[in-house]
Amino acid sequence: MTLLKSLALPRRLIGLLALAAVLPAFAQPRLQVEGAWVRTSPSLTGTAAYMRLTAGEPLTLVGVDSPAAGVAEVHDMKLEGDIMRMRAVPALELPPGKPVELKPGGLHVMLMDLKAPLQGDVRVPVTLVLRDAKGTERRLLLQVPVAPRAPGAAGGAKVDPAPAGMHGQGHKH
């Protein structure tokens, strides 16, 4: 008698369990998101989101979206002479195993044309649009806390995975 037969599980259930074990590898980008937070904004003009991204496979961040903002983009700030300039970054390479910091004064996510002022003690949905080495685009939905400054110097803020049925993945905090 085989082990599967001895477990007395219907073949359909065994097939579904096997499929469930394989699907996340194809459906989800392997990306660790840590220390994510969105700066509070009393106005509707804009604010920024920050986080540390570590890819488990070659990925490129090719877009950002949030229902809290009319426009969401990855931006970079650089000092040119004595002037700080900010520009949109159309694609951000995320090399496997190398953390990429999105932080104040450097790379960050700009949330512009806010739908409402963002105050503390709420979470903002932010979707990262990622392209893998094969050119497949996948979306990773995050629930990012709003705070006046980076929560917790050591570990940062907890990032909630997307609700069931959405494209999310367990994230470290």
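Check the entry above for the structure.
Residues numbered from 1 in each chain as written. Predicted model: local features only at pLDDT ≥ 70, side-chain atom pairs only at ≥ 80, totals over all residues. Heavy atoms only, no water.

> Can you walk me through the overall build of the protein chain in this structure?
Scanning the protein chain from N- to C-terminus turns up two helices and eleven strands. Along the chain direction, N to C, the helices and strands of the protein chain fall in the order α-α-β-β-β-β-β-β-β-β-β-β-β. Sorting the 173 residues of the protein chain into buried and exposed places 38% on the buried side. At a minimum sequence separation of 6, the contacts of the protein chain that also span at least 24 residues come to 67%. Accessible surface, the protein chain: about 10000 Å² in total, of which carbon and sulfur atoms supply 60%. (Helix = DSSP H or I, 4+ residues; strand = E, 2+ residues; numbered from the N terminus. Buried < 20%, exposed > 50% of the residue type's maximum accessible area, 1.4 Å probe, protein only. Contact = heavy atoms within 4.5 Å. Areas by Shrake-Rupley, 256 points an atom, 1.4 Å probe, with all protein chains shown as cover.)

> Sorry if this is basic, but what is going on with the environment of Leu-53 here?
Take Leu-53: it is sitting in strand S2 (residues 46–55). Taking the relative accessible area as the measure of exposure, Leu-53 reaches 1% and is therefore buried. Distance in space between the C-alpha atoms of Leu-53 and Pro-95 is 9.8 Å, their sequence separation being 42 residues.

> I tried to follow the packing of aromatic side chains on my own but got confused; where do I start?
When we look at a pair of aromatic rings, we describe it by the centre distance and by the angle of the planes. Taken as a whole, this structure holds one aromatic pair when the rule is applied. Relative to Tyr-50, the ring of Trp-37 has its centre 4.9 Å away and its plane inclined at 45°; by these criteria the two rings are tilted. Here Trp-37, found in strand S1 (residues 31–39), pairs with Tyr-50, found in strand S2; they are 13 residues apart in sequence, far enough to count as distant. Taking the relative accessible area as the measure of exposure, Trp-37 reaches 5% and is therefore buried. (Phe/Tyr/Trp six-rings, centres within 6.5 Å; stacked < 30°, edge-to-face > 60°.)

> Would you mind showing me how to read the pattern of salt bridges here?
Pairing between side chains of opposite charge can happen when their charged atoms approach one another. A full pass over the atoms with the stated rule returns seven salt bridges. A salt bridge links Arg-52 to Glu-34, with the shortest nitrogen-to-oxygen separation between them at 3.3 Å. Note that Arg-52 is positioned in strand S2 and Glu-34 in strand S1, a separation of 18 residues in sequence. Under the relative-accessibility criterion, Glu-34 is labelled buried at 17%. The closest approach of N and O atoms between Asp-76 and Lys-78, which form a salt bridge, is 3.8 Å. The class of Lys-78 is partly exposed, set by a relative accessible area of 43%. A network of salt bridges, in which partner residues are shared, links Glu-34, Arg-52 and Glu-101. (Salt bridge = Lys/Arg side-chain N within 4 Å of Asp/Glu carboxyl O.)

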